[in-house]
Amino acid sequence: MGLDAPTGSLQTTDETVAEPESTTETRAGTEPESIALEARDLDVYYGDDQALQSIDMEIPEGEVTALIGPSGCGKSTFLRCINRMNDLIDIARVDGDLHFNGKNVYDDDVDPVALRRKIGMVFQKPNPFPKSIRDNVAFGLRVQGRDENVDAKVEQALERAALLEEVEDQLDSSGLDLSGGQQQRLCIARAIAPDPEVLLMDEPASALDPIATAKIEELIEELSEEYTVVVVTHNMQQAARISDKTAVFLTGGELVEFDDTEKIFENPEHDRVEDYITGKFG
Ligand code: ADP
């Protein structure tokens, strides 16, 4: 990963730094694969209702991992666990561990705001702020007090989000004047400007037309050269096109199978996954 920020560290409230602890062999058994995120026995409840059941998953660094499954099976809930966005839902409760670079993000000494600097998020509906394109992208940098060379960083983020060419003459125009697809790429630029390590995307193309969707898909593949990307999609073809690994969640908040995307789509282990993939249910 080509990040300026040191990888393998998670800033916490007491400034402790965690080192990466786990690696795993690739399926070919040759090169070790670094693990960016690891869920261990993770349960999530909303009030008395359990949304995720005992999830164990190792998400490799620098790849695209897709979360698929029928509506209501817990994909967004899992995504929101990763950067503790579920903290913002009063009735949500999380049990178990979610490790990021070897440190449990649910440890008492982890500052969720610091965590979200390392783990950015893009939502289903493009949500630019009612500000200029420049100020949208600069937002996170300014909040962090990283005011030096903001213009250069804004341009770099727009370039990485494949938007610079289309907007370079209108950086002071409102972000809200862009098309839906451009707005989503603006939100991606805003998420990556502070140089996170992980990018979470919740159905990032489902509100877009086919051309804008194709651009976002292409962009996701490019982004995985620099970031670990975890993307929720209800579109199986999209998961097959863009991801390296696929996690299949099924009703009841169960992670039924997690493997290389090719294996999931061509030869899944579980009949229930095959039935879902082939459209027999879901
Ligand atoms: P998916 O992303 O797969 O559609 P979700 O993670 O959104 O699934 O939802 C999983 C379950 O948790 C569903 O039963 C849903 O109704 C419930 N749920 C999600 N968000 C909330 C919330 N904020 N409050 C209460 N229940 C919720």
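This structure is a prediction, so every number in the text was calculated from the model and none was measured. (Residues numbered from 1 in each chain as written. Predicted model: local features only at pLDDT ≥ 70, side-chain atom pairs only at ≥ 80, totals over all residues. Heavy atoms only, no water.)

Assigned secondary structure in the chain consists of 10 helices and 11 strands. Per-residue burial over the chain gives 53% buried out of 282 residues. Of the contacts made within the chain by residues no fewer than 6 positions apart, 66% connect residues no fewer than 24 positions apart. (Helix = DSSP H or I, 4+ residues; strand = E, 2+ residues; numbered from the N terminus. Buried < 20%, exposed > 50% of the residue type's maximum accessible area, 1.4 Å probe, protein only. Contact = heavy atoms within 4.5 Å.)

Most often, soluble globular proteins keep nonpolar side chains buried together rather than apart. Residues Val137, Leu158, Ile188, Ile192, Met201, Ile220 and Leu223 are the most contacted members of the largest nonpolar core, which totals 46 residues. Core analysis: the next-biggest nonpolar cluster, separate from the first, contains 31 residues, Val44, Cys73, Phe100 and Leu255 among them. (Core = buried A, V, L, I, M, F, W, Y, C linked by side-chain atoms within 4.5 Å.)

This brings us to the sheet that holds strand E8 (residues 198-202). To summarise the sheet geometry, strands pair through backbone hydrogen bonds and adopt either a parallel or an antiparallel arrangement. In space, the 6 strands of this open sheet follow the order E7-E8-E9-E4-E10-E11, with mixed pairing throughout. Edge strands, defined here as strands with exactly one partner in the open sheet, are strand E7 (119-122) and strand E11 (254-260). Mean inter-strand twist for the sheet, computed between neighbouring axes without regard to direction, equals 15°. The pairing of E7 with E8 spans 4 bridges and is classified as parallel. (Pairing = 2+ DSSP bridges. Axes fitted to C-alpha atoms, helices over the stretch in contact; angles between N-to-C directions.)

Structurally, Ile220 is set in helix H7 (residues 210-223). The class for Ile220 is buried, based on a relative accessible area of 2%. Sequence spacing of Ile220 and Val230 is 10 residues, and the spatial spacing of their C-alpha atoms is 9.8 Å. The residues contacting Ile220, other than those within four sequence positions of it, are Val64, Met201, Pro204, Val229, Val231 and Ile242.

Attention now goes to the packing of helix H4 (residues 150-160) against helix H6 (residues 180-192). Contact geometry of H4 with H6 gives a least axis separation of 8 Å together with a crossing angle of 125°. As summarised for this structure, H4 and H6 are arranged oblique, according to the angle between their axes. In this structure, H4 meets H6 at a crossing whose hand is right-handed. In contact with Ala157, Leu158 and Arg160 of H4, H6 contributes Leu186, Ala189 and Ile192. Residues of the contact of H4 with H6, tallied by class, amount to 5 nonpolar, no polar and 1 charged. (Parallel < 35°, antiparallel > 145°, perpendicular 65-115°, else oblique. Left-handed = near helix turned anticlockwise from the far one by under 90°. Nonpolar A, V, L, I, M, F, W, Y, C, P; charged D, E, K, R; others polar.)

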